[in-house]
Structures are given as C-alpha cells and as structure tokens.
Amino acid sequence: MMTENIIRCPGDYQKDPLYLKYHDEEWGRPCHDERMLYEMFVIELFQAGLSWRTLLHKRENFEKAYDYFDLQKVADYGEDKIKALMQDKGIIRSEPKIRGSITNSRIIRDQIIPEYGSFDAFVWHFTDGRSICEKMDVSSDEYSDRMAADLKKRGMKYAGSVSLFSFLQAVGVINSHTEECFCYQEIMRQL
C-alpha cells in the first residue's frame, strides 16, 4: 500500500515508514484478537502525555519487556519485575504508568474477563459489537466516556476518556479514517 496514488488521511505520519505502515494496515481496523487488544490497551494508556509516534517506535521493546503481552504474566508482576522495567531504556520508564499497567492487567484478569467472558467482549460491548464512525478531530465520545466511567469504578489507572478513545480508534471500535482514505473504504466494505 505504498503507491503514491493512494488517498490517505491527512497527517505527518506519511513521513515515517513505521507510522505509515501502522496507518495502512492496523489503525482503525476491527480487532477481536485478545492478545492484540490487550497489547494496544497497555500501550495506549502509556501514551498519556506522549506522541503516538514515540510509543510506536518503542512498541517492539514493550512487547519484549512485557512478556509479549501475556496477560497472566503481567498481572503477576511483582517488585522485582517493576525494578527491571524501570531500568529498561527501550520503554517508557514511568513508575506510575508501569504500576498502573500491572493494576489494570489484574483488573482485566480478575474482574472483566470473569464478568464478560473475554476482554474482546468487554471492549466491543460499548458499541453493541459495531464499529462506529467518528471524525478525525474528535478526541472522546459517548463510548469512550462510558468505558472510562466503567474502568474508573473498577480502579483502573490512566484510563480516561481521551486515552480510551485513542485505544478504541486503534482497535477499530471507532473508525476515524477520513471517508476519502482507502482504509475507510476497505473497513466499511468489511462491516
């Protein structure tokens, strides 16, 4: 999808091959894979206050540092692992975010999956299993607001409506590609 005649969403991501690949192949495409949903959830919540490009370029390091996003392993992390993560220059070394990611993982494992049967079922229930189209300049909506309120009650960290909106866009619950973008057209044909 690297030809010049393809119409894409506007943005400076087109100057970065990794970011361009993410836009073309992943962002906004409906995802139901448990591990990938969990990975994007963890990474998106680390993004608070940072650019997505920063996280995208650290994604591979996060994958290794976080045991390839094995929910059970991350939920069981203790102080030794937290210290190791704090020394890992390949990830965002924010102790509150690291601790928050572990707390959030425990909430997914101990509350959400038992209640909904899967993280996928939880994520998609806010839109009744449908992808919702939103304009690109929107940073939160009723779905991310409801998800944020639910997760706050459960004790989640860094799970505000704006961060969750970004997560929902990433995994295709919300399709924010412009209508002219070839990705929008592909996604809509699949729905």
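A few points on the structure. Because the structure is predicted, anything quoted here is derived from the model rather than measured.

1. Description of the state of the cysteines
1) Next: Taken as a whole, this structure holds 0 disulfides when the rule is applied.
2) Next: With no disulfide partner, Cys-9 has as its closest neighbouring cysteine sulfur the one in Cys-181, 3.7 Å distant.
3) Next: Between Cys-31, a free cysteine, and Cys-183, which holds the nearest cysteine sulfur, the sulfur-to-sulfur gap is 15 Å.
4) Next: Residue Cys-31 is classed as buried on the basis of its relative accessible area, which comes to 12%.

2. Observations concerning the packing of aromatic side chains
Between two aromatic rings, the relevant description is the distance of the centres plus the angle of the planes.
1) Next: For the structure on display, the rule yields 14 aromatic pairs.
2) Next: Taking 5.2 Å as the distance between ring centres and 70° as the angle between the ring planes, the aromatic pair formed by Tyr-116 and Phe-122 counts as edge-to-face.
3) Next: Each residue in the set Tyr-38, Phe-46, Phe-62, Tyr-66, Phe-69 and Tyr-77 is aromatic and connected to the rest through ring pairs, giving one cluster.

3. Details of the side chain of Asp-24
1) Next: By the element assignment, Asp-24 lies in helix 1 (residues 17-25).
2) Next: Separated by 2.8 Å, the side chains of Asp-24 and Arg-8 make a polar contact.

4. Some remarks on the packing of helix 8 (residues 142-154) against helix 9 (residues 161-170)
1) Next: Packing of helix 8 against helix 9 brings their axes to within 8 Å, and their N-to-C directions diverge by 120°. Judged by the twist between their axes, the crossing of helix 8 over helix 9 is right-handed. For the pair formed by helix 8 and helix 9, the contact residues are Tyr-143, Ser-144, Asp-145, Met-147, Ala-148 and Leu-151 on the first element and Ser-161, Leu-164, Phe-165, Phe-167 and Leu-168 on the second.
2) Next: Its residues assigned to classes, the contact of helix 8 with helix 9 shows 8 nonpolar, 2 polar and 1 charged.

5. Points about the pattern of salt bridges
1) Next: The full count for this structure, using the stated rule, is 16 salt bridges.
2) Next: With its nearest N and O atoms 2.8 Å apart, the salt bridge here joins Asp-24 to Arg-8. Taken as a pair, Asp-24 in helix 1 and Arg-8 in the segment before helix 1 lie far apart in primary sequence, 16 residues in all. You'll find Asp-24 and Arg-8 in the same group, each marked buried.
3) Next: Arg-109 serves as the salt-bridge partner of Asp-110, at 2.7 Å between the closest nitrogen and oxygen.
4) Next: In the salt-bridge network here, residues are joined through shared partners; they are Glu-26, Arg-35, Glu-39 and Arg-59.

6. Some details on the environment of Lys-97
1) Next: Note on placement: Lys-97 falls in helix 6 (residues 95-116).
2) Next: Its relative accessible area of 11% is what places Lys-97 among the buried residues.
3) Next: Along the sequence, Lys-97 and Tyr-158 sit 61 residues apart, while their C-alpha atoms lie 7.4 Å from each other.
4) Next: With near-sequence residues (within four places) excluded, Lys-97 lies in contact with Leu-45, Phe-46, Gln-47, Ala-48, Leu-50 and Tyr-158.
5) Next: At 2.9 Å, the side chain of Lys-97 forms a polar contact with the backbone oxygen of Phe-46.
6) Next: A polar contact of 2.5 Å, which involves the side chain of Lys-97, links it to the backbone oxygen of Ala-48.

7. As for the side chain of Glu-44
1) Next: Assignment of secondary structure puts Glu-44 in helix 2 (residues 34-46).
2) Next: One buried charged side chain, Glu-44, makes no salt bridge at all; its nearest oppositely charged neighbour is Arg-59, positioned 8.3 Å away.
3) Next: With near-sequence residues (within four places) excluded, Glu-44 lies in contact with Tyr-22, Trp-52, Ser-166, Phe-167 and Ala-170.

8. Some words on the environment of Met-136
1) Next: With respect to the element layout, Met-136 can be found in the loop between strand 1 (132-133) and helix 8.
2) Next: Met-136 sits in the partly exposed class, given a relative accessible area of 35%.
3) Next: In this structure, the C-alpha to C-alpha distance between Met-136 and Pro-10, residues 126 residues apart in sequence, is 9.6 Å.
4) Next: With residues near it in sequence (within four places) discarded, Met-136 still touches Cys-9, Pro-10, Trp-27, Ser-176 and Thr-178.

Criteria and cut-off values
Residues numbered from 1 in each chain as written. Predicted model: local features only at pLDDT ≥ 70, side-chain atom pairs only at ≥ 80, totals over all residues. Heavy atoms only, no water. Disulfide = S-S within 2.5 Å. Buried < 20%, exposed > 50% of the residue type's maximum accessible area, 1.4 Å probe, protein only. Phe/Tyr/Trp six-rings, centres within 6.5 Å; stacked < 30°, edge-to-face > 60°. Helix = DSSP H or I, 4+ residues; strand = E, 2+ residues; numbered from the N terminus. Polar contact = N/O pair within 3.5 Å; in protein donor to acceptor, adjacent residues only side chain to side chain. Axes fitted to C-alpha atoms, helices over the stretch in contact; angles between N-to-C directions. Left-handed = near helix turned anticlockwise from the far one by under 90°. Contact = heavy atoms within 4.5 Å. Nonpolar A, V, L, I, M, F, W, Y, C, P; charged D, E, K, R; others polar. Salt bridge = Lys/Arg side-chain N within 4 Å of Asp/Glu carboxyl O. Lys, Arg positive; Asp, Glu negative; His and termini not counted.

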